[in-house]
Amino acid sequence: MNAETLAPLRLALVGNPNCGKTALFNQLTGSRQKVANYAGVTVERKEGRLRGPSGRSYAVLDLPGAYSLNAASLDEAVARDVIRGCYPGEAAPDALVCVMDATNLRLHLRFALELRELGKPMIVAVNMMDAARRRGIGIDLVELERLLGVPVVETVAVRRHGARALVERIERMAEALHAPTQRLGKGADLHAETRRLLAATVRMPARTARIDDALDRWLLHPLFGLLALAMVMFLIFQAVYAWATPLMDLIDAGTAWLGETVGAVLPEGPLSSLLVDGIIAGVGGVIVFLPQILILFAFILALEESGYLPRAAFLLDRMMASAGLSGRSFIPLLSSFACAIPGIMATRSIQDPRDRLATILVAPLMTCSARLPVYALLIGAFIPQKTVWGVFNRQGLVLFGLYAAGVASALLVSWVMKQWRRDKGEHALLLELPSYRVPHARDLLIGLWERAMIFLKRVGGIILALTVLLWVLLYFPNGGADVTQSLAGRIGQALSVVFAPVGFNWQICIALIPGLAAREVAVSSLATVYALSTADDTAAAQALAPLINDGWSLATALSLLVWYIYAPMCISTLATIKRETNSWKQMAGATGYLFALAYAAAFATYQVAVLLGAG
Amino acid sequence: MSASLLLQYVVIALAVIVSAWVVAKKQFPGGVRRLRMALAIPMLREGRPAWLRTLGRKIASQVRSGAGGCGGCRKCD
């Protein structure tokens with residue numbers, strides 16, 4: 001039978017967390033799944049296709065990392081169930097590819113031995129061999145293969161062609177699947193066997209991680225470590241403003257030119273209004289924030305790659321524990337800076353159900369990237385771009401303050417939850433600290449490209465669609481003559497009764513509704529509302545920031561900024577909370593508390609600002 | 001109403017239909033799936049013309065399980 005016509009062999013990539021399974025999966029299948037230098041990035045099984053040189057096809061499964069087949073968390077349970085063939089709707093894999101971190105074989109070999117006991121055909125991929133060599137770690141792969149009784153190959157998953165040897169061994173194995181030739185049998189001491197294998201095959205240098213130790217002495221210091229963390233975060237937000245402005249001005253000018261050109265070419269009428277006041281003003285108002293989003297993510301991706309983030313989790317563990325969370329909550333909460341949905345899903349790596357629920361409920365308080373356009377718009381319109389203390393950008397300081405306020409609110413909410421629950425015990429944090437690594441430019445660029453694509457797809461998809469729908473509601477029934485009498489205008493005015501105490505006008509109230517689907521739509525909605533409201537075409541073509549600066553008080557702007565710290569309006573996040581907790585009650589509770597918090601904080605901000613003369 | 005204005009309204013109507021569909025698919029994937037199934041099943045009944053059954057199969061084939069949840073950010077795909 002021809003190799004190309006054979007049914008695809010199912011291979012499962014298994015191993016301890018952070019050994020490079022996903023990087024290897026991306027190499028083998030050409031996928032672009034997220035990789036980072038910390039444990040718990042993959043919480044679900046992923047599948048991709050590999051075509052070997054013989055033409056044979058393989059279904060490759062990337063599984064969440066697990067330390068043992070005795071699962072201690074939800075993601076480990078997913079890995080165990082898939083390996084054993086008990087995962088619903090998933091056939092058992094035909095063979096296992098056990099991925100091990102060459103720099104940490106003491107930990108990884110134990111799991112490899114446990115997997116070997118299953119008796120399934122298996123290949124061991126000793127990954128990160130380049131890092132091991134740099135540190136002077138010598139591994140006798142031939143001897144390891146003889147003692148383990150399964151094929152052993154070296155891989156460098158982050159390097160092009162770094163998995164070639166693995167593909168060759170997979171092809172050879174596919175010709176005739178064999179169970180491992182060595183087994184330990186029941187009751188064997190896996191730790192003793194691991195020690196025996198290490199002694200026979202691994203040569204460790206006297207000092208393996210001098211750089212790691214030196215860096216950790218400072219970066220894990222209780223005082224200097226926290227100072228360094230605060231400094232890093234602070235610099236990121238400074239850079240977001242300092243570096244993005246030229247590109248943003250360029251996009252802004254491009255959007256204005258496009259609006260004027262299209263307006264001049266098309267005859268006056270509804271279609272021209274839809275394109276100029278609706279699509280170009282609305283979508284252009286959001287797309288202008290792409291440079292800021294990319295700069296923020298460049299830093300986050302670099303930190304992920306460097307191995308610094310688990311250290312930050314370690315540093316913050318005490319503070320998080322006193323607030324009712326654990327250091328394990330750090331990574332899910334950090335993921336929530338991109339979007340609360342993957343953050344909430346990442347809580348599957350938290351073993352304790354109580355900690356997991358607390359993390360899920362506070363994850364929406366982390367400032368997701370969708371909120372950045374709203375912050376940037378309001379800060380740009382109301383906070384003058386001045387230098388503070390000779391160095392710092394004032395707009396960057398305000399942005400840092402908003403992100404910090406989100407984090408502080410999350411800690412406060414989880415502390416309140418801790419006071420309510422009966423079990424006030426804290427769980428010790430056990431976390432694997434990876435080696436420091438210089439981020440790879442290729443991975444960073446791929447990460448940024450994907451981030452840009454996610455943003456642009458949102459702009460071209462849900463944001464564009466909602467902008468069109470909102471334009472219709474603003475244009476009809478009176479042909480855009482008086483926006484206050486349009487369908488959306490009437491809805492906005494009805495809602496403004498509820499939101500008047502927090503200082504929101506009817507235009508803001510309109511923007512809040514489509515913002516339920518995606519928070520950035522609030523910006524495009526405001527752009528469309530103001531473009532249609534402005535009789536002067538030149539004024540309509542200019543950027544949104546000066547328009548709202550003229551029309552709003554500082555108190556209203558501050559109130560809206562504070563509203564968006566809590567912003568309960570994201571249907572997708574609420575749906576994910578329902579799915580992950582399997583409880584309507586938890587979802588309703590999260591919606592209720594976020595809305596109450598947003599309203600109370602915005603109300604307090606507005607009233608205080610008015611009292612201080614900013615109204 | 002002039003022909004030019006009528007054409008503009010037709011284009012706008014199409015844009016609105018497509019936009020409403022995009023929003024529904026992103027925000028209410030479960031509802032859209034059920035709607036597709038409800039539309040496809042009568043088309044696939046015995047005795048229906050071949051073209052209608054082909055159309056029904058086309059509608060039904062795009063209905064996949066587990067489509068919901070993400071609703072826009074696509075980070076979790």
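Residues numbered from 1 in each chain as written. Chains lettered and ligands numbered in written order. Predicted model: local features only at pLDDT ≥ 70, side-chain atom pairs only at ≥ 80, totals over all residues. Heavy atoms only, no water.

1. Comments concerning the overall build of chain A
Spelled out, the test is: Labels follow the DSSP assignment, with helices taken as runs of H or I lasting at least four residues and strands as runs of E lasting at least two, numbered in each case from the N terminus. The reference for a compact globule is 2.2 Å times residues^0.38; the radius of gyration itself is calculated from the C-alpha atoms. Each residue's exposure class comes from its accessible area (1.4 Å probe, protein chains only) as a fraction of the maximum for that residue type: buried when under 20%, exposed when over 50%, partly exposed otherwise.
Counting its secondary structure elements, chain A contains 26 helices and 10 strands. The C-alpha atoms of chain A give a radius of gyration of 27 Å, which matches the 25 Å a tight globule of 615 residues would have. Each of the three principal axes of chain A carries a C-alpha extent, and together these read 80 × 60 × 50 Å. Burial status across chain A gives 58% buried among its 615 residues.

2. Considering the environment of A:Leu544
All names here are of chain A. Here is the rule we go by: When checking whether two residues touch, look at their non-hydrogen atoms; a contact exists if any pair is within 4.5 Å.
Tracing the backbone through its elements, the reader meets Leu544 in helix α23 (residues 544–551). The sequence separation of Leu544 and Asn127 amounts to 417 residues, and the corresponding C-alpha distance is 51 Å. In contact with Leu544, not counting residues within four places along its chain, are Leu377, Val523, Leu526, Ala527 and Tyr530.

3. Details of the packing of aromatic side chains
All names here are of chain A. To keep it simple, the criterion reads: Ring pairs shown here join Phe, Tyr and Trp side chains whose ring centres sit within 6.5 Å, with only the six-membered ring taken for Trp; geometry is labelled stacked below 30 degrees between planes, edge-to-face above 60, and tilted in between. For a ring to carry a charge above it, either NZ of a lysine or CZ of an arginine must fall within 6 Å of the ring centroid while also lying within 35 degrees of the normal to the ring plane.
Counted according to the given criterion, the structure contains 18 aromatic pairs over all chains. Geometrically, the ring pair formed by Phe234 and Phe400 is edge-to-face, given 5.1 Å between the ring centres and 85° between the ring planes. Here Phe234, found in helix α9 (residues 224–265), pairs with Phe400, found in helix α17 (residues 394–420); they are 166 residues apart in sequence, far enough to count as distant. Residue Phe234 is classed as buried on the basis of its relative accessible area, which comes to 12%. Residue Phe400 is classed as partly exposed on the basis of its relative accessible area of 24%. Aromatic pair Phe237 and Tyr403: ring centres 4.4 Å apart, planes at 40°, arrangement tilted. Here Phe237, found in helix α9, pairs with Tyr403, found in helix α17; they are 166 residues apart in sequence, far enough to count as distant. Exposure remark for Tyr403: the relative accessible area of 3% places this residue in the buried category. An aromatic cluster is present here, built from Phe234, Phe237, Phe337, Tyr375, Phe400 and Tyr403 joined pairwise through their rings. The aromatic ring of Phe297 is capped on one face by Arg451, whose charged end is 4.3 Å from the ring centroid.

4. Remarks on helix α3 (residues 105–116) of chain A
The following threshold applies: Take the number of residues in a helix, subtract one, and multiply by 1.5 Å to get its expected span.
Taking 1.5 Å of rise per residue, the 12 residues of α3(A) would be expected to cover 16 Å, and the 16 Å separating its terminal C-alpha atoms lies within 8% of that figure. For α3(A), the complete set of buried residues consists of A:Leu105, A:His108, A:Leu109, A:Arg110, A:Phe111, A:Ala112, A:Leu113, A:Glu114, A:Leu115 and A:Arg116.

5. Let's talk about the pairing of strand β4 (residues 95–101) of chain A
Residue and element names in this part refer to chain A. The cut-off we apply is this: By the convention used here, strands pair only if DSSP detects at least 2 bridges between them.
Within β4, 7 of the 7 residues are buried, which leaves the element mostly enclosed by the surrounding structure. Sheet topology note: the strand β1 (residues 9–15)/β4 ladder contains 5 bridges and is parallel. Looking across to β4, one finds that Gly15 is bridged to Val99. Here β4 pairs with strand β5 (residues 122–127) via 6 bridges, running parallel. By the bridge assignment for β5, Asp101 is matched with Asn127.

6. Re the pattern of salt bridges
All names here are of chain A. For clarity, the cut-off: For this analysis, a salt bridge means a side-chain nitrogen from Lys or Arg found within 4 Å of a carboxyl oxygen belonging to Asp or Glu.
Tallying each qualifying case throughout the model produces 12 salt bridges over all chains. Asp81 serves as the salt-bridge partner of Arg80, at 3.0 Å between the closest nitrogen and oxygen. For the salt bridge of Glu143 with Arg146, the shortest nitrogen-to-oxygen distance reads 2.9 Å. Of this pair, Glu143 and Arg146 both sit in helix α5 (residues 141–148), 3 residues apart, roughly one helical turn. Residue Arg146 is classed as exposed on the basis of its relative accessible area of 54%. A single salt-bridge network, built from bridges that share partners, covers Arg356, Arg579 and Glu580.

None of the figures reported here should be taken as evidence of function without further support.
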